[in-house]
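# Examination of the molecular architecture
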Amino acid sequence: MNSLISKTLIPPISLSSSTRLTLTPNSLRHFKLHLPRLMSSDSSHRLFQLKLDPLTGNSEWVVIEDNDDLPDCPKEPLLATTSYLDMLNDSCRNKAFRSAIERTVTKPCHVLDIGAGTGLLSMMAARAMGLNGTVTACESYLPMAKLMRKVLHRNRMGKAISLFNKRSDELEVGVDIPSRADVLVSEILDSELLGEGLIPTLQHAYDKLLVENPLTVPFRAVTYGQLVESTYLWKLHDLSGIEAKVSDGIHLVPTGSDSIIQVKSRQYPMHCDAIREEIKLLSEPFEIFEFDFWKRPESNGETKVQVKVIDDGNIHAIVSWWVLQLDREGTVFYSTAPRWINSPANIGYRDWCDHWKQCVWFFRGKGMSVSQGEELLLEASHTETSVSYNLNVQVPKNDTRQHDHNIRDFQLLLSPERIAIYGDSKWRSSVLAAVRNALQGRVNPLCVVVDDSIFLTLLAANLSKTSHVLSLFPGLREKGAQYLETVVKANCFSMDRVEVPEKRKPCLTLHDTRGKKVDMLIGEPYYYANEGMLPWKNLRFWKDRTLLDPVLSEDALIMPCKGILKACAMSLPDLWSSRCCLGDVEGFDHSIVNTTLGACGELPAPKEGPFLPFSIWQCGEIKELSEIFTILEFDFSKPISSCHGTAQVKFTEGGVCHGFVLWVDWIMDTDNSIVISTGPEHRYWKQGVKLLSKPVAVGINGCNSNSEYGSTIVEALFEPSSSELILKHAFL
């Protein structure tokens, strides 16, 4: 864990200070929103875990003492959704660091490991010195430090390595460590390279913890980029351009207000190999920045790159990656380049892994038109934690988009996936039809939008000139209200018919509705804070509907009217390999971490791997092995309750089953004619993945081998009190 920003991307904070718990923008890119937020007190003694209930939005602090055992719930291990397991299963990474450390640490010396994690690099360094030197390991994240102690003990390395549960900027020479370190080994890199606080961590280390001219592993990193055209990438950021092709009368982005809804200007991690067929390369790869770890880095940097266009097209984005040189001699490398890049023989290709991806930077608007042979000047700059780009695209003088005074100080920043959903014509037409049908025959209806859907709010107000719309916006809050005020005129209604409560309330009363019963309670459902979570966490809609039951009219319409939990047995070899149980990792026993890190594989009964959210289409090699089947139905016409379901499904393809992929289809109308699916074929949602403890060979009916199974029984239980889904299965 690095000194300033942890692998879970929450910096430890002393309660004795008045510091507020914050996340840097770059930290958020890898932060899984369903992770508990974490805070440390007194560095090495106590950790406060903020547990979130997705069904209610409520949270509570739970104290973990330093002398406590790690919380070890088989359903949801504390560290299961971090990137540690994926990294430790990355054999290319592990071998590269081992080779570089053995080439660098050739005699007894003092080695400092910042962000030690399970202690793998520390143990490599101690072994390289024959256990004769000094290794100081710094791990600021308390649960990880506790796990590292167990790993060191298992490998009989406890006496060879001094472990400090502190940030590296809390270490003091002469107090914690006897002297400055001769060698720095660390892996505090994210997909963008800088987002985990690499630069400030190195700066402090050079100032306070390292000797002059130290040795380092890694030695340097070089970032590369390539200009691309991609309709898919365009749809992830240019809602204005997409909406211009939609004719449903709803204006999420009114003319002249293009910047009112945007994605944040930053690099987004993405498995770009998954969209290779949808990418047109408009330049050769080019070098952007070189970061030398063997010397103190600068906080900021700028560069200009002359780029030659190799094909006609529209530049929508820049795809970037980095290459590590791990040793001084330049013989050990590691690259995050996409597979279409012809890497040198001494770099090679790594296996699919999720902890490091490529990054995508979106250029604003509908793209910059270029011609083959044209030369462009790309400007790149970096801060301590991020990289940004500019192609100097000029806005025409008669284009006033950037000068709309109504939105100068306000923008609604949404995720790329949410932008794409709002621009999807099929999705919009489905939701529009559902709301239009719901409003038919209703006079002066009171409509409550319980989630964060600005689209539903505009629809309800636009389609019925007599409706009164109450939008709760539990995540957007005042930002949602500001947005509505900005777009009200373009959508042909007045704010006297739309209301956003100033304060979030546990539930509405008749006083809040001015004595009127609610005629329509609607949602997509979409909760701003739930993005990236398991799909059934949006059953918060059902919980909200239940809380509002006292103010619903007898014939109140609920939309969606129900949810259907769907599933499919799938072959997921790449994902399974990245999440499977650890044994020997470069000569060190890591089996003790499997349960804590949520591994799949040979876990002791009754332990099992947790559900994890993934965009299945980005998970490397995938194959559907069964028909899509229904496990559970959630009836929103009734208050929330436990649900149980069983399904027997036959395999339609032969292969190796690695797990089940689950999602929710939202049924928007009572006729079951309008369905919003969040399944694997729809790229803008994540699915829930339940990996098997052991891959199973399956086949179609009349299996060719007795070792193959022809069907499976799947049983599921949803328990609203814990907001958990329990899944059991048996192969037949």
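What counts, and where the lines are drawn
- Residues numbered from 1 in each chain as written.
- Predicted model: local features only at pLDDT ≥ 70, side-chain atom pairs only at ≥ 80, totals over all residues.
- Heavy atoms only, no water.
- UniProt positions renumbered as here; feature names shortened; annotations may be inferred.
- Helix = DSSP H or I, 4+ residues; strand = E, 2+ residues; numbered from the N terminus.
- Buried < 20%, exposed > 50% of the residue type's maximum accessible area, 1.4 Å probe, protein only.
- Contact = heavy atoms within 4.5 Å.
- Areas by Shrake-Rupley, 256 points an atom, 1.4 Å probe, with all protein chains shown as cover.
- Salt bridge = Lys/Arg side-chain N within 4 Å of Asp/Glu carboxyl O.
- 1 Å grid on protein atoms, 1.4 Å probe; cavity = no way out; pocket = protein on both sides within 12 Å on 5 of 7 lines; lining within 4 Å.
- Points joined across faces, edges and corners; volume = space filled by probe spheres on them.
- Nonpolar A, V, L, I, M, F, W, Y, C, P; charged D, E, K, R; others polar.
- Pairing = 2+ DSSP bridges.
- Axes fitted to C-alpha atoms, helices over the stretch in contact; angles between N-to-C directions.
- Core = buried A, V, L, I, M, F, W, Y, C linked by side-chain atoms within 4.5 Å.

If you check an unreviewed UniProt entry, the chain appears there as Protein arginine N-methyltransferase from Gossypium raimondii. Per UniProt, the chain has the following entry under Sequence similarities (unreviewed entry): "Belongs to the class I-like SAM-binding methyltransferase superfamily. Protein arginine N-methyltransferase family. PRMT7 subfamily." Regarding the chain, the relevant UniProt record gives this comment under Function (unreviewed entry): "Arginine methyltransferase that can both catalyze the formation of omega-N monomethylarginine (MMA) and symmetrical dimethylarginine (sDMA)."

### A look at the overall build of the chain
Helix and strand counts for the chain stand at 14 helices and 39 strands. Burial statistics for the chain: of 732 residues in total, 58% are counted as buried. Partitioning the intrachain contacts of the chain with sequence separation of at least 6 by distance along the chain shows that 77% fall at a separation of at least 24. Just so you have it, the chain exposes about 29,900 Å², and 47% of that area is on carbon and sulfur atoms.

### Things to note about the pattern of salt bridges
Two side chains of opposite charge can pair, provided their charged atoms sit close to one another. Counting across every chain of the model gives 23 salt bridges. Of the charged contacts in the structure, one is a salt bridge between K516 and D519, with a shortest N-O distance of 3.5 Å. On the basis of relative accessible area, K516 is assigned to the partly exposed category, the value being 34%. Among the residues examined, D519 registers a relative accessible area of 13% and is labelled buried. Within the structure, one salt-bridge network assembled from shared partners comprises R220, E290, D292 and K295.

### Concerning empty space enclosed by the protein
According to the stated counting rule, one finds six cavities of 30 Å³ or more in the structure shown. Here the largest cavity defines a volume of roughly 130 Å³. Along the walls of the largest cavity sit 12 residues, with R93, G115, A116, G117 and T118 positioned nearest its centre. Counting only elements with at least two residues in the lining of the largest cavity, the list comes to helix 2 (84-88) and helix 4 (120-128). Of the residues forming the lining of the largest cavity, the biggest block, three residues, is contributed by helix 2. A breakdown of the residues in the lining of the largest cavity according to their chemical character gives six nonpolar, three polar and three charged.

### A word on the sheet that holds strand 27 (residues 552-559)
Judged by pairing direction, the sheet is parallel, and its five strands sit side by side in the order 25-24-23-26-27 without closing on themselves. Each edge of the sheet is formed by a strand with only one pairing partner; in this case those strands are strand 25 (498-499) and strand 27. Judged from the two bridges that link them, strand 24 (residues 468-471) and strand 25 form a sheet pairing that is parallel. The residue bridging V469 from the neighbouring strand is V498, located in strand 25. Packing against the sheet, helix 13 (residues 540-547) makes contact with strand 26 (518-522) and strand 27, and its axis sits at approximately 170° to strand 27.

### Comments concerning the sheet that holds strand 14 (residues 301-308)
With respect to topology, three strands assemble into an open sheet ordered 14-20-21, the strand pairing being antiparallel. Both outer strands of the open sheet, strand 14 and strand 21 (387-390), are each paired with one neighbouring strand and no more. Neighbouring strand axes in the sheet, compared pairwise and without regard to direction, differ in orientation by 25° on average. Examined bridge by bridge, strand 20 (residues 375-382) and strand 21 share four bridges and lie antiparallel to one another. What sits directly across from H382, in strand 21, is V387.

### Things to note about the environment of R540
Turning to its location among the elements, R540 is positioned in helix 13. Since its relative accessible area comes to 6%, R540 is described here as buried. Sequence separation of R540 and P720 is 180 residues, and the distance between their C-alpha atoms is 9.4 Å.

### Notes on the environment of F293
Along the chain, F293 turns up in the loop between strand 13 (286-292) and strand 14. For F293, a relative accessible area of 5% gives the class buried. Distance from F293 to A221, taken between C-alpha atoms, is 7.7 Å for residues 72 residues apart in sequence. Non-local contacts of F293, meaning those with residues more than four positions away in its chain, are made with L189, L198, L202, Y206, T216, P218, F219, R220, A221 and L324.

### A few points about unusual backbone geometry
Cis geometry is found at the peptide bond from V217 to P218, where omega equals 5°. Along the chain, the position of P218 falls in the loop between strand 8 (210-217) and strand 9 (220-229). Following M559, the chain continues to P560 via a peptide bond in cis, the omega torsion being 5°. Backbone geometry at N672 places phi at a positive 60°, although glycine is not the residue there. Mapped onto the fold, N672 is located in the loop between strand 35 (655-667) and strand 36 (675-677).

### Thoughts on the nonpolar core
Within the largest apolar cluster, 118 residues are counted, with the highest numbers of intra-cluster contacts made by L233, L252, I261, Y483, I631 and L662. Each residue touching I631, except ones within four places of it in the same chain, is listed here: L565, A567, G645, T646, L662, V714, A716 and L727. Among the nonpolar cores identified, the runner-up in size contains 89 residues, and V105, V183, L202 and L326 belong to it.

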